[in-house]
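Summary of the model geometry
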Amino acid sequence: HRPGRAAIEVAPGRSRAILVASSANPRWALNLTTKMRYLSLFSGIEAATVAWQPLGWTCAAVSEIRPSACRILAHHYPDVPNLGDVEKITDEQIAALGHLDIVIGGSPCQGLSSAGKRKGLSDDRSGLFREQMRIFNAARRLCGARFLLWENVPGAFSSNAGADFAEVVGAMAGARITVPADGWRNEGVVLGADGLVEWSVLDARWFGLAQRRQRLFALLDTGDWSIRPPVLHEPDASRCTSLKIFP
């Protein structure tokens, strides 16, 4: 990736207008006062709430099974229900949460990490991404959820020769995606029947931490994404600006 140069590629035979956000266009203005309500999956000690609670966002529920993490959650967030095992969360439990704006979750990375055995989504743990999709689809149908945020390791790009990430973004967007001939890039966009997915690899050092820690984020927007600026693709010379568009 070459900082300062943006490359946009559209698959052959696909005609689509690419809109570039302008700060002068009020249609692209973000409403930073919006108070979001979210469901957190694979919660751990709940980093999402540490980040989002100061914004006034509300955690409707968490989902965690490790005893040590559950004790921490119960101590810091005693009024937030823990739905437990993602494989056992029911539609009835989801509906009982009421309105949701976003579902967030970083499904286990062991099968995708370059440090593991690289079983990909066939790994029982990393394969729980499919449960995350099931829960989001229910939350969208029953609670009006618009966004899904998935977090994982950059090893997802190369696991099973890229096929695992193709399944992830394809499932999120509602599209059949094939692995690009030149592999996945650190930033990209997929548009499908269920909405727009944008992804980016972010580094902790870009946010004031003295640590290089890269993580992959993919965001699905099932609403009217055309009237907002990108969420994950900010032009910045300190990070990659190469972008690939997939149909």
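Residues numbered from 1 in each chain as written. Predicted model: local features only at pLDDT ≥ 70, side-chain atom pairs only at ≥ 80, totals over all residues. Heavy atoms only, no water.

Comments concerning the overall build of the protein
Along the backbone of the protein there are five helices and nine strands. Helices (α) and strands (β) of the protein occur, in sequence order from the N terminus, as β-β-α-β-α-α-β-α-β-α-β-β-β-β. Each of the 247 residues in the protein was classed as buried or not, and the buried ones make up 45%. The contacts in the protein between residues at least 6 apart in sequence include a share of 60% that link residues at least 24 apart. By element, 54% of the accessible surface of the protein is carried by carbon and sulfur atoms, the whole surface being about 12900 Å². (Helix = DSSP H or I, 4+ residues; strand = E, 2+ residues; numbered from the N terminus. Buried < 20%, exposed > 50% of the residue type's maximum accessible area, 1.4 Å probe, protein only. Contact = heavy atoms within 4.5 Å. Areas by Shrake-Rupley, 256 points an atom, 1.4 Å probe, with all protein chains shown as cover.)

Side note on helix α5 (residues 163–173)
Counted residue by residue, α5 has eight buried out of 11 residues, so it is predominantly covered. Taken as a whole, α5 has its buried residues at Asp164, Phe165, Ala166, Val168, Val169, Gly170, Met172 and Ala173. Where the residues of α5 are buried, they touch α4 (129–143), β5 (147–152), β6 (187–192), β7 (195–203) and β8 (214–221).

Digging into the pairing of β7
Most of β7 sits inside the fold, with nine of its nine residues counted as buried. Relative to β7, β6 is paired through six bridges, and the arrangement is antiparallel. In the sheet register, valine 189 faces β7, and the bridge partner there is glutamate 198. From the end of β6 to the start of β7, which pair antiparallel, there are two residues. Pairing of β7 with β8, which is carried by eight bridges, proceeds in the antiparallel orientation. Note that in β8 the partner of serine 200 across the bridge is phenylalanine 217. (Pairing = 2+ DSSP bridges.)

A word on the confidence of the model for the protein
A low pLDDT score tells you not to read the predicted coordinates there in detail. Predicted confidence across the protein gives a mean pLDDT of 81, with 74% of residues reaching 70 or more. A low-confidence stretch, residues 1–30 (pLDDT under 50), is modelled with 43 contacts involving residues beyond four sequence positions or located in other chains. (pLDDT = per-residue confidence, 0-100.)

Topic: the pattern of salt bridges
What the rule picks out here adds up to 12 salt bridges. In this structure, the salt-bridge partner of glutamate 167 is arginine 130, at a minimum N-O distance of 2.8 Å. Taken together, the positions of glutamate 167 in helix α5 and arginine 130 in helix α4 put the pair 37 residues apart, joining distant regions of the chain. For glutamate 167, a relative accessible area of 31% corresponds to the partly exposed category. Arginine 130 sits in the partly exposed class, given a relative accessible area of 41%. Among the salt bridges present, the one from aspartate 182 reaches arginine 185, with a minimum N-O distance of 3.6 Å. The exposure class of arginine 185 is buried, given its relative accessible area of 16%. Residues joined by salt bridges that share partners form a network here, namely Arg146, Glu198, Asp221 and Arg228. (Salt bridge = Lys/Arg side-chain N within 4 Å of Asp/Glu carboxyl O.)

As for unusual backbone geometry
Positive phi, normally seen in glycine, also occurs at phenylalanine 42, with a value near 50 degrees. Assignment of secondary structure puts phenylalanine 42 in the loop between β2 (37–41) and α1 (47–52). Among the residues examined, phenylalanine 42 registers a relative accessible area of 19% and is labelled buried.

A look at the nonpolar core
Grouped together as the largest cluster of nonpolar side chains are 40 residues, with contacts concentrated most on Leu39, Trp150, Phe165, Met172 and Trp199. Within the residue set of this core, elements represented by two or more residues are β2, β3 (58–61), α4, β5, α5, β7 and β8. Residue contributions to this core peak at seven residues, all from α4. Residues Ala48, Trp52, Cys59 and Leu219 belong to the second largest nonpolar core, which totals 16 residues. (Core = buried A, V, L, I, M, F, W, Y, C linked by side-chain atoms within 4.5 Å.)

Remarks on the packing of aromatic side chains
Under the definition given, this model contains eight aromatic pairs. Here the aromatic rings of tryptophan 52 and tryptophan 57 are separated by 4.8 Å at their centres, their planes lie at 45 degrees, and the arrangement is tilted. A residue is classified by how much of its surface remains accessible, and tryptophan 52, at 13% relative accessible area, is buried. Relative accessible area serves as the criterion here: at 18%, tryptophan 57 is assigned to the buried category. For the pair phenylalanine 165 and tryptophan 199, a centre-to-centre distance of 5.1 Å together with 80 degrees between the ring planes defines the contact as edge-to-face. Note that phenylalanine 165 is positioned in helix α5 and tryptophan 199 in strand β7, a separation of 34 residues in sequence. For the residue pair phenylalanine 165 and tryptophan 199, the accessibility class agrees, reading buried in each case. By the ring-pair criterion, three or more aromatic residues cluster together here, those being Phe129, Trp150, Phe157, Phe165, Trp184 and Trp199. (Phe/Tyr/Trp six-rings, centres within 6.5 Å; stacked < 30°, edge-to-face > 60°.)

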